[in-house]
There are 2 protein chains.
Amino acid sequence: MSELISAVDAVDVRFPTSLELDGSDAMNPEPDYSAAYVTIRTSGGDEGHGLAFTVGRGNDVEVAAVRALAPLVVGLPVEEVLNDLGGFSRRLTGDSQLRWLGPEKGVIHMAAAAIVNAVWDLYGRRTGKPVWRLLAELPPEQLVDLVDFRYLKDALTRDEALDILRRAEPGRAERAAHLLEHGYPAYTTTPGWLGYDDEKLVRLSKEAVADGFSQIKLKVGADRADDERRMRLAREAVGPDIRIAVDANQAWGVQQAIDWMRALVPYDPYWIEEPTSPDDILGHAAIRKALAPVKVATGEHTHNQVMFKQLLQAGSLDILQMDASRTAGVTENVAILLLAAKFGVPVCPHAGGVGLCEMVQHLAMFDYVAVSGTTENRVIEYVDHLHEHFTDPVRIREGRYLAPTAPGISAELHPDSVAAHRYPEGPVWEAKAGT
Amino acid sequence: MSELISAVDAVDVRFPTSLELDGSDAMNPEPDYSAAYVTIRTSGGDEGHGLAFTVGRGNDVEVAAVRALAPLVVGLPVEEVLNDLGGFSRRLTGDSQLRWLGPEKGVIHMAAAAIVNAVWDLYGRRTGKPVWRLLAELPPEQLVDLVDFRYLKDALTRDEALDILRRAEPGRAERAAHLLEHGYPAYTTTPGWLGYDDEKLVRLSKEAVADGFSQIKLKVGADRADDERRMRLAREAVGPDIRIAVDANQAWGVQQAIDWMRALVPYDPYWIEEPTSPDDILGHAAIRKALAPVKVATGEHTHNQVMFKQLLQAGSLDILQMDASRTAGVTENVAILLLAAKFGVPVCPHAGGVGLCEMVQHLAMFDYVAVSGTTENRVIEYVDHLHEHFTDPVRIREGRYLAPTAPGISAELHPDSVAAHRYPEGPVWEAKAGT
């Protein structure tokens, strides 16, 4: 009898990050970084782990959505799933009843991401490869089979996608070797959370430079005078050669974004991230036109490939910030990497949160080895929170992500961490409820 | 002590519509029309009812989302809520943690819709007015206070919205009287479900004309030869003077939509609805340009006002099809009606499902009395399913919705219907599980 997927387990895991104001920004004053943590099990005893990241309240809704998708997955033959991961994704995102809850957006799409990533993790473990390498060794034809071109063809055809992948094919081995030796460039958001005082901002900015980072990021958008002062302090702290990105987390309207950013231009911001509603494709295009050469970056809340297609078609961004669990996981992100390559826009993945650094490094490294073929103007976000809870945490050296070598997508949490942080019954939350 | 909101109850209600293939279309072959049904209760003993419509699986996720929002609502003073319904909506859609699940889209936004509509229902009951009339009697200043202009200003300013409402103010009483006497024009989707055979299509099309409808709608997009035959049969059945709209329910890519529709042009389709992904603003614009004078209609899956803003800015649509529970209820729909009026695009609300006819009639009638001031080229969708479950069902006479006169938003289900159709424990579902 063939091996089947026997279970899709989902656990509500929350970390009490609000106590330290880690992760505080203009829209998220007190997040508790959380995950709908998914484990796929097979009848042969294999496992795969994935997660959808949330910032606290509502993580239970995400878990409910994973459980709503689970019946579409349990009972499927493992080999059939792994041999047609494009079809597997369409099964999850195209269910005729569940797609009403999106379609392909929000809670239900993030739940699909957690499951899809868990299946890629399973695939990596069974082949003994980290997912970046697994992807980078697939033939171009198999990679384009992952893509659902129905809504993309007006911007990217299957033949164009194949051409992109075939052009990059000859250099794959060389770039993989380079990656294993030198890692992939990172930037750090650690200095710039809104909840940190000026002294901490300056100290952490200097530490970031000393640690080898060539780019840092500040959160902005709550108070304009504060932002001008913090940007000036950061610039003084890091000197003229370090890039400083700023991130408004959607705080502004279109004209407001343009006006506010003009006040920061004297301090040479490298990019403005999420200046306005993540849905506002035309608004981002207007902001980009007005603020050039300051770059516009967005993507962590961009909910699917159709939105990314349009951001690229409309000239709305200079930097595409894909997320590991906002769109439907590795499979949809392959399509988004191909779209970005077609339009010549660098991908700098969103990370931080719970497990996002761990997962997105695989996407950026695959992009370097087998899609764009370059790390020029590409950096993966790095935040130094919560990595200790993962069995294969990211490794940063001199401002670069070292390539993971363990099989899978690096999303497995330590069982002790899961047990301690289960919400609401885990001991960490029981203790807080008691105080 | 002031009166407080004492409870937000949510119930999973599902109707077994899949048995009859009512509601079958290119993307929804076997829906079970369902609702996350919300009852708001006050410490003074008042109630308000609202719902989010879904098509079956996942309705439990919607209920979980309502329960996640409920703590933001329970305990609020009723009068404060009713005096600042704009602020109340922003409280629901702007919660710093729950907004991560959207933002302002999908499951969490639909849950906000159900609660917002229940509060408007409460407001209507307390003032003794149907919601269309309640809205149409509010001063322009109070109406614009409902709107969150942060992301809209580049398309619609507060002053422009005020101007639109003030221009319509002198004729309010006259139009309200006309509405009460003559009702509001409707069109019917009843003949055209994909699951119906040709004989039923022809018979129901003729019946629709005999019943006084001047527009019908056919579902298309599953099979091109079938669509050509069905469109020809429908045109022969109704004659040249009845408008026939077609609805692809997102089945096509951009070029595919253009090609497929050109095959139907000989039978004079009035509009093509949801030709492609609901997120594809630029794709809709390209389709509209290619197919004119066939009109392009969309909106039932358009997830928020920022998307509608762009559909209007980009010239993507001829007909705006707002939904009662996809965007965040009455409050956000006031903003969308104002946007549509600014751009001169008629609003023809999406209905059918569970309670959508009941709720959207209030929006269209408010639009007529106090915003656009006209019913020209405007029709409310009508489907003759499930109205018997409502305490104040829609009334259709000679192809027109009669204006509701009972207080509230008409979303209250009969308690017996709720009890019978609770999922999975209601007797209707217990009986099906036993067969």
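As annotated in an unreviewed UniProt entry, chain A carries the name L-fuconate dehydratase and is attributed to Streptomyces prunicolor. UniProt, in its Cofactor (unreviewed entry) section for chain A, records the words "Mg(2+)".

1. Considering the overall build of chain A
From N to C terminus, chain A includes 17 helices and 12 strands. Taking 435 residues into account, the globule formula puts the C-alpha radius of gyration at 22 Å, and chain A, at 21 Å, falls close to it. Based on the C-alpha atoms only, the size of chain A along its principal axes is roughly 65 × 60 × 45 Å. When burial is assessed residue by residue, chain A has 66% of its 435 residues classed as buried. By sequence separation, contacts in chain A at least 24 residues apart represent 74% of the contacts at least 6 residues apart. In the structure as shown, chain A presents an accessible area of about 14100 Å², 48% of it carried by carbon and sulfur atoms.

2. Here we look at the sheet that holds strand β3 (residues 47-54) of chain A
Either a parallel or an antiparallel arrangement is found when strands of a sheet pair, and the pairing is made through backbone hydrogen bonds. All names here are of chain A. Within the open sheet, the three strands sit side by side as β1-β2-β3. Their pairing is antiparallel. Since the sheet does not close on itself, it has two edges, and those belong to β1 (5-14) and β3, each with one partner. If you compare each strand with its neighbour and ignore which way they point, the axes differ by 20° on average. Here strand β2 (residues 34-42) runs beside β3; their pairing, made up of eight bridges, is antiparallel. Across the sheet, residue I40 finds its bridge partner in β3, namely G48.

3. Quick notes on the side chain of T327 of chain A
Residue and element names in this part refer to chain A. Residue position: T327 is located in the loop between β9 (319-320) and α14 (329-343). Looking at T327, its side chain comes within polar contact range of the side chain of N333, at 3.3 Å. In contact with T327, other than residues within four places in its own chain, are H109, A113, T302, H303, N304, F308, E332, N333 and I336.

4. Quick notes on the state of the cysteines
Cysteine pairs can be covalently joined through their sulfur atoms, and such a bond is termed a disulfide. Residue and element names in this part refer to chain B. This structure, assessed with the given rule, holds zero disulfides over all chains. Free cysteine C348: the closest other cysteine sulfur is in C357, separated by 14 Å. Using a relative accessible area of 0% as the deciding quantity, one classes C348 as buried. Given a relative accessible area of 1%, C357 falls into the buried group.

5. Details of the packing of helix α7 (residues 158-168) of chain A against helix α15 (residues 356-371) of chain A
Residue and element names in this part refer to chain A. Between α7 and α15, the least distance of the axes is 7 Å, while the angle of their chain directions is 80°. Relative to α15, α7 is oriented roughly perpendicular. For the pair α7 and α15, the contacting residues are I164, L165 and A168 in the first and V369, A370 and V371 in the second. Class assignment of the residues belonging to the contact of α7 with α15 gives a composition of six nonpolar, no polar and no charged.

6. A short note on the pairing of β3 of chain A
For a regular strand, side chains alternate in direction, first toward one face of the sheet and then toward the other. Of all eight residues in β3 of chain A, seven are buried, a share of seventy percent or more. Once β2 of chain A ends, the chain turns through four residues before running back antiparallel as β3 of chain A, passing G45 of chain A with a positive phi of about 95°.

7. Structural notes on the packing of aromatic side chains
Residues and elements named next belong to chain B. Under the criterion given, the structure shown has 20 aromatic pairs over all chains. Where Y382 meets Y401, the ring centres are 6.0 Å apart and the plane angle is 90°; that geometry is what we call edge-to-face. Of this pair, Y382 sits in strand β10 (residues 380-382) while Y401 sits in strand β12 (residues 400-401), and the two are 19 residues apart along the sequence. Take Y382 and Y401: they sit in the same class, and that class is buried.

8. Brief notes about the interface of chain B and chain A
On the chain A side, the residues contacting the 57 residues of chain B number 57 residues. Contact with chain A buries surface across chain B, with R57, Q97 and W100 of chain B losing the most and accounting together for 19% of the total. The partner of D280 of chain B in a salt bridge is K309 of chain A, with the nearest N and O atoms 2.5 Å apart. Here chain B is connected to chain A by 34 residue pairs in polar contact (both at pLDDT 80 or more). Broken down by secondary-structure element, the contributors of at least two residues to the side of chain B that touches chain A are β3 (47-54), α1 (59-69), α4 (106-127), α12 (281-291) and α13 (305-313) of chain B. Within the side of chain B that touches chain A, the residues separate by chemical class into 25 nonpolar, 18 polar and 14 charged.

Rules used in this analysis
Residues numbered from 1 in each chain as written. Chains lettered and ligands numbered in written order. Predicted model: local features only at pLDDT ≥ 70, side-chain atom pairs only at ≥ 80, totals over all residues. Heavy atoms only, no water. UniProt positions renumbered as here; feature names shortened; annotations may be inferred. Helix = DSSP H or I, 4+ residues; strand = E, 2+ residues; numbered from the N terminus. Rg over C-alpha atoms; globule rule 2.2 N^0.38 Å. Buried < 20%, exposed > 50% of the residue type's maximum accessible area, 1.4 Å probe, protein only. Contact = heavy atoms within 4.5 Å. Areas by Shrake-Rupley, 256 points an atom, 1.4 Å probe, with all protein chains shown as cover. Pairing = 2+ DSSP bridges. Axes fitted to C-alpha atoms, helices over the stretch in contact; angles between N-to-C directions. Polar contact = N/O pair within 3.5 Å; in protein donor to acceptor, adjacent residues only side chain to side chain. Disulfide = S-S within 2.5 Å. Parallel < 35°, antiparallel > 145°, perpendicular 65-115°, else oblique. Nonpolar A, V, L, I, M, F, W, Y, C, P; charged D, E, K, R; others polar. Phe/Tyr/Trp six-rings, centres within 6.5 Å; stacked < 30°, edge-to-face > 60°. Buried area = accessible area lost by both parts, 1.4 Å probe. Salt bridge = Lys/Arg side-chain N within 4 Å of Asp/Glu carboxyl O.

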